[in-house]
Amino acid sequence: MDKTEFKQCFSRRLAEKFAMGVADASPNELYQTLGSLLTSTYSQKWQQTWTDYREAEQKQAYYFSIEFLPGKMLKSNLLNMGWLEMVTEGLAELGIDLEDLAEVEPDMALGNGGLGRLASCFMDSIASMGLPGNGNGIRYEYGLFKQHFVDNYQVELPDKWLHKGNLWEIRKESKAVDVHLGGEVYLVPDAAGNLSPDYQGGMTLRAVPYDTGMVGYQNDIVNTMRLWSVEIPPEEEENYRSIEDRRTVEDLTSVLYPDDSSEDGRKLRLSQEYFFVSAGVQSILRYYKQLNKPIDKINQSVAIHINDTHPAMCVAEFMRLLVDEENLSWERAWNLTQEVMSYTNHTIMAEALEKWSINMMKSVCPRIYQIIEEIDRRFVAEMTGVHDFDLIQRTRIIQDNQVHMAHLAIIGSHSTNGVAKLHSDLLKSVVLHDFYLLYPARFNNKTNGIAMRRWTQLANPALSKVLDETIGNSWRKQPTNLRLLLNYTEDDHVLAALADAKLANKKRLAAYIQEHCGIEVSPQAIFDVQIKRLHAYKRQLLNLLHIIKLYLDLKENPDLPIEPRVFIFGAKAAPSYHYAKSIIKVINETASLINQDPTINNKLKVVFLENYNVSLAERIIPAADVSEQISLASKEASGTSNMKLMLNGAVTIATLDGANVEIRDAVGEENIAIFGLTESEVYQYYENKNYSALSIYDENATIRKVLATLTDGTIPNISAEGYEIFDSLIKYNDEFFVLRDFEDYCLAQESVNKAYQDKRRWRQISLRNIASAGRFSADDTVQRYADDIWQIEPVFAHEDLRGAEHDSYLL
Ligand code: 26Q
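All of these numbers come straight from a predicted model, not from anything done at the bench.

A.B. asks: Pulling in residues and values, what's your account of the pattern of salt bridges?
C.D. replies: Tallying each qualifying case throughout the model produces 46 salt bridges. For R377, the salt bridge identified is with E374, shortest N-O distance 2.9 Å. Pair noted here: R377 and E374 are both in helix α12 (residues 366-383), with a separation of three residues, about one helical turn. A network of salt bridges, in which partner residues are shared, links K3, K7, E89 and E93.

If you want it as structure tokens, here you go:
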């Protein structure tokens with residue numbers, strides 16, 4: 001479609017939908033119009049993709065994730081369809097700014113953070129690599145809460161993201177399945193004498209899928225992300241008369257649990273997990289059976305991926321359907337299950353390892369519990385005599401009246417992977433060491449990646465333009481070609497162009513900060529960014545303590561030669577995470593103190609942006625000079641904002657944790673500021689039990705001075721929070737070794753300050769970071785999953801199956 005055609009189509013569609021002309025339409029009406037033009041255009045490719053997959057009879061992967069975090073989809077779909085430039089220009093000629101209408105789209109925020117965003121980057125990459133892969137998750141009525149600050153405290157508001165409808169989704173009532181929850185199950189002999197389950201009581205709910213097209217990057221492929229929503233089956237209506245009963249059902253897919261990295265243990269959460277697992281697995285089986293292939297060859301057609309343990313019940317649900325419904329023997333079903341399933345671990349924090357009490361699992365999904373019991377029984381029987389008793393006791397699924405979901409996922413699958421080299425090594429040597437002894441061949445690493453297109457082409461057009469002009473545009477399809485930039489490290493013209501792009505992005509962010517926080521920041525200052533969920537192990541506190549130190553230093557010596565810096569935070573705390581909320585309060589109060597202090601003379605500003613989400617990330621990341629990746633070594637499984645910031649030319653200050661290690665290897669030691677304990681030093685402290693925060697405090701006057709501000713009134717309005725944080729460090733011995741790393745962190749910060757003072761050197765370091773980020777493309781990560789774990793291939797038949805007239809997005 002060319003621009004002239006587009007303008008005609010757009011105006012016609014607007015008239016049809018709203019009986020309006022461009023001059024009268026609101027941004028929302030324009031957005032709805034453009035969106036519907038896109039969906040009606042790609043739906044043809046979508047249907048074709050379904051047909052191709054069916055006819056090619058190739059294996060497909062299903063990515064089960066309780067979270068997806070796509071953010072806004074309009075511009076990403078435009079880009080992937082190859083329409084972005086044409087539509088931007090066409091709309092401009094109609095007097096419309098694409099940005100204005102893109103702003104109208106609510107973020108699709110059905111995830112907490114890294115894990116959910118990774119799932120969405122993978123969806124983009126799977127489609128863009130032409131791979132047959134689908135997403136499977138929950139269509140929450142409310143996304144992650146919206147964060148507001150009131151008196152510098154976090155307050156949560158509901159995210160009613162669907163209130164104006166969602167134009168990307170299609171409700172597929174004909175593909176609904178029933179899910180049984182609760183009640184009791186008895187095993188009774190059938191006519192052939194086999195035991196079969198007899199369900200008593202409980203409730204049967206309808207799972208209705210809403211499909212969203214995942215448009216591949218300029219390759220005519222449109223895959224599917226299928227999200228399930230609960231409904232009362234029409235034939236059950238009379239059983240749900242009261243508002244309370246109806247509410248119990250509707251609650252099931254109402255809200256996303258807002259805790260990341262902490263086990264919750266509530267019944268509704270377990271019900272959510274079983275609901276989307278059962279709906280997804282049933283729908284996969286139904287589809288497979290329509291192909292008329294033998295059930296015991298299903299492993300050749302289906303790969304199911306378990307994203308963290310939340311969907312681990314896939315193992316038992318798949319067994320249930322094969323054994324109870326398809327009448328396969330246990331042994332055959334078990335082999336198929338293990339071949340179909342694979343599992344990714346995203347965490348090393350013990351408190352995040354999911355466990356459910358036997359009683360709760362029995363009450364939510366009794367048949368699944370029976371099956372897990374049998375899996376566990378056979379596991380123990382098989383291992384007995386081969387491995388020692390203690391090892392078996394530590395690795396079995398059911399222990400201490402609890403079901404260990406990671407154990408179920410590992411035992412029931414053929415692959416367990418971590419998300420960065422260091423993390424995968426730690427899984428083998430520490431966290432899942434016992435399992436590594438049992439199944440060494442199952443363990444592998446798949447370092448995370450990011451959707452390069454969103455994080456450069458969409459988020460940073462200024463940088464993209466400089467890249468095109470310098471190294472050509474091949475990096476857009478092949479991000480490792482960013483390496484070509486290294487030929488220009490000594491080219492002052494290119495260094496200046498990159499710096500200009502960065503400055504333009506900083507001006508844009510500065511305007512946003514002015515508008516939303518009423519704080520004036522200079523775009524010439526260093527923009528120092530820490531954006532991620534608020535969690536003690538991520539150590540936003542370390543960042544804060546360093547800020548307080550700078551503040552005290554400047555108060556003492558206003559002429560201190562430091563580059564002006566703006567410290568920018570974006571972070572939500574889980575609503576029930578008291579300590580994390582206290583950190584937010586203290587950062588906010590420190591910000592007020594510093595920003596209003598005229599003696600600081602604008603050398604220091606602190607900005608905590610409200611409601612950090614994907615859209616805000618797209619605004620902040622292109623404007624960042626410094627990337628804070630300062631988790632305690634061994635605690636951050638990978639991190640992905642580290643990759644996004646590097647790609648956008650920020651210089652990283654980091655501990656050797658997660659993917660930071662691989663970032664250092666890629667960019668070279670001279671182009672990153674590494675500090676702090678290593679993972680093995682951290683483990684040594686654990687082993688020797690000899691960490692003493694108090695001794696560090698006693699021996700370090702700077703630390704004493706900085707910590708005093710928490711309780712002596714220097715930082716106003718934080719008496720409770722200040723003591724809480726002080727006590728966490730001194731009384732409770734500083735769980736995440738903040739004080740131990742403080743001095744080294746300050747030195748690293750000084751080196752960053754110094755590097756920035758040499759403009760040319762800074763620009764070169766920034767260039768080397770951009771040039772080295774290509775290896776973190778999610779396209780490559782996903783290709784490794786496809787090759788090593790899922791064994792899926794692009795549908796090559798594609799080209800032949802479709803006529804030439806379908807070759808581009810024609811209307
Ligand atoms: C569990 C039970 C009950 C309620 C909530 C949860 C829950 C929800 C979300 C537990 C964990 C999460 C999210 C974890 C997460 O985002 N982990 C991050 O995954 C990223 C992608 O691999 C990594 O880069 C990060 O290092 C890791 O922290």
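A.B. asks: So, the sheet that holds strand β22 (residues 604-609): which residues are in play, and what are the values?
C.D. replies: In space, the six strands of this open sheet follow the order β22-β21-β20-β23-β24-β25, with parallel pairing throughout. The open sheet terminates on both sides in strands that have one partner only, identified here as β22 and β25 (673-674). Lying over the sheet, helix α19 (residues 492-517) contacts β20 (526-531), β21 (565-570) and β22, oriented at roughly 70° with respect to β22.

A.B. asks: Tell me about the side chain of S278, residues and numbers included.
C.D. replies: Topologically, S278 is positioned in helix α8 (residues 267-290). In this structure, S278 is in contact with V179, E317 and R320, ignoring residues within four places of it in sequence.

A.B. asks: Tell me about the domain arrangement of the protein, residues and numbers included.
C.D. replies: Taken domain by domain, the protein comprises domain 1 (1-58 + 73-106), domain 2 (59-71 + 107-448 + 781-792) and domain 3 (452-776). Taking only C-alpha atoms into account, the centre of domain 1 sits 37 Å from that of domain 3. Taken together, the six residues of domain 1 in the interface contact five residues of domain 3. Between domain 1 and domain 3 the total buried area reaches about 460 Å² when both faces are included, carbon and sulfur atoms providing 59% of it. The largest per-residue losses of area from domain 1 upon contact with domain 3 belong to K75, S76 and L79, which jointly make up 63% of the total buried on that side. Counting the contacts that link domain 1 with domain 3 gives one salt bridge. A salt bridge links E103 to R619; the shortest N-O distance between them is 3.8 Å. Joining domain 1 to domain 3, the criterion identifies zero residue pairs in polar contact (both at pLDDT 80 or more). The dominant element in the side of domain 1 that touches domain 3, judged by the number of residues it contributes, is helix α3 (residues 74-81), at four residues. Looking at the side of domain 1 that touches domain 3 residue by residue, the class counts come to two nonpolar, two polar and two charged.

A.B. asks: With reference to specific residues and values, describe the nonpolar core.
C.D. replies: Counting 197 residues, the largest nonpolar core has L34, L74, I304, M361 and W790 as the members making the most contacts within it. Among the elements that line this core, the one with the most residues is α8, at eleven residues. Discounting residues that sit within four places of it in the chain, W790 has contacts with K59, A61, Y63, I126, A303, H305, S342, V782 and Y785.

A.B. asks: Provide a residue-level description of the side chain of T41, including the pertinent values.
C.D. replies: Locating T41 in the fold gives a position in helix α2 (residues 27-56). Of note is the side chain of T41, whose polar atom sits 2.5 Å from the backbone oxygen of L37.

A.B. asks: Report on the packing of α8 against helix α9 (residues 314-325), specifying residues and quantitative values.
C.D. replies: Packing of α8 against α9 brings their axes to within 9 Å, and their N-to-C directions diverge by 45°. The pairing of α8 with α9 is recorded here as oblique in orientation. Once α8 is placed against α9, the crossing between them reads as right-handed. Between α8 and α9, the contacting residues are Y274, V277, S278, V281, Q282 and L285 on the first element and C314, E317, F318, R320, L321 and L322 on the second.

A.B. asks: Report on the site of the ligand, specifying residues and quantitative values.
C.D. replies: Taken together, 19 residues surround the ligand, and among them L115, H346, N448, E636 and G639 come closest. Protein coverage of the free-state accessible area of the ligand, which is 610 Å², stands at 96%. At three residues, the largest contribution of residues to the shell around the ligand is made by helix α6 (residues 114-128). Across the shell around the ligand, the residue classes tally to five nonpolar, eight polar and six charged.

A.B. asks: Give me the lowdown on unusual backbone geometry, citing residues and values where you can.
C.D. replies: You will see that D734, though not glycine, has its phi angle at about 50°, which is positive. Among the secondary structure elements, D734 is positioned in the loop between α28 (719-730) and α29 (738-757). A positive phi angle, close to 50°, is found at F737, a residue other than glycine. Relative to the assigned elements, F737 resides in the loop between α28 and α29. Of the residues examined, F737 reaches a relative accessible area of 5% and is grouped as buried.

A.B. asks: I'd like a description of the sheet that holds strand β16 (residues 398-399), backed by residues and values.
C.D. replies: Reading across from one edge, β15-β17-β16 is the order of the three strands in this open sheet, with antiparallel pairing throughout. The outermost strands of the open sheet, each flanked by one partner alone, are β15 (355-357) and β16. Here β16 pairs with strand β17 (residues 402-404) via two bridges, running antiparallel. Along β17, the bridge assignment pairs Q399 with Q402.

Parameters at a glance
Residues numbered from 1 in each chain as written. Predicted model: local features only at pLDDT ≥ 70, side-chain atom pairs only at ≥ 80, totals over all residues. Heavy atoms only, no water. Salt bridge = Lys/Arg side-chain N within 4 Å of Asp/Glu carboxyl O. Helix = DSSP H or I, 4+ residues; strand = E, 2+ residues; numbered from the N terminus. Pairing = 2+ DSSP bridges. Contact = heavy atoms within 4.5 Å. Axes fitted to C-alpha atoms, helices over the stretch in contact; angles between N-to-C directions. Domains from an automatic or database assignment. Buried area = accessible area lost by both parts, 1.4 Å probe. Polar contact = N/O pair within 3.5 Å; in protein donor to acceptor, adjacent residues only side chain to side chain. Nonpolar A, V, L, I, M, F, W, Y, C, P; charged D, E, K, R; others polar. Core = buried A, V, L, I, M, F, W, Y, C linked by side-chain atoms within 4.5 Å. Buried < 20%, exposed > 50% of the residue type's maximum accessible area, 1.4 Å probe, protein only. Parallel < 35°, antiparallel > 145°, perpendicular 65-115°, else oblique. Left-handed = near helix turned anticlockwise from the far one by under 90°. Near = heavy atom within 4 Å. Areas by Shrake-Rupley, 256 points an atom, 1.4 Å probe, with all protein chains shown as cover.

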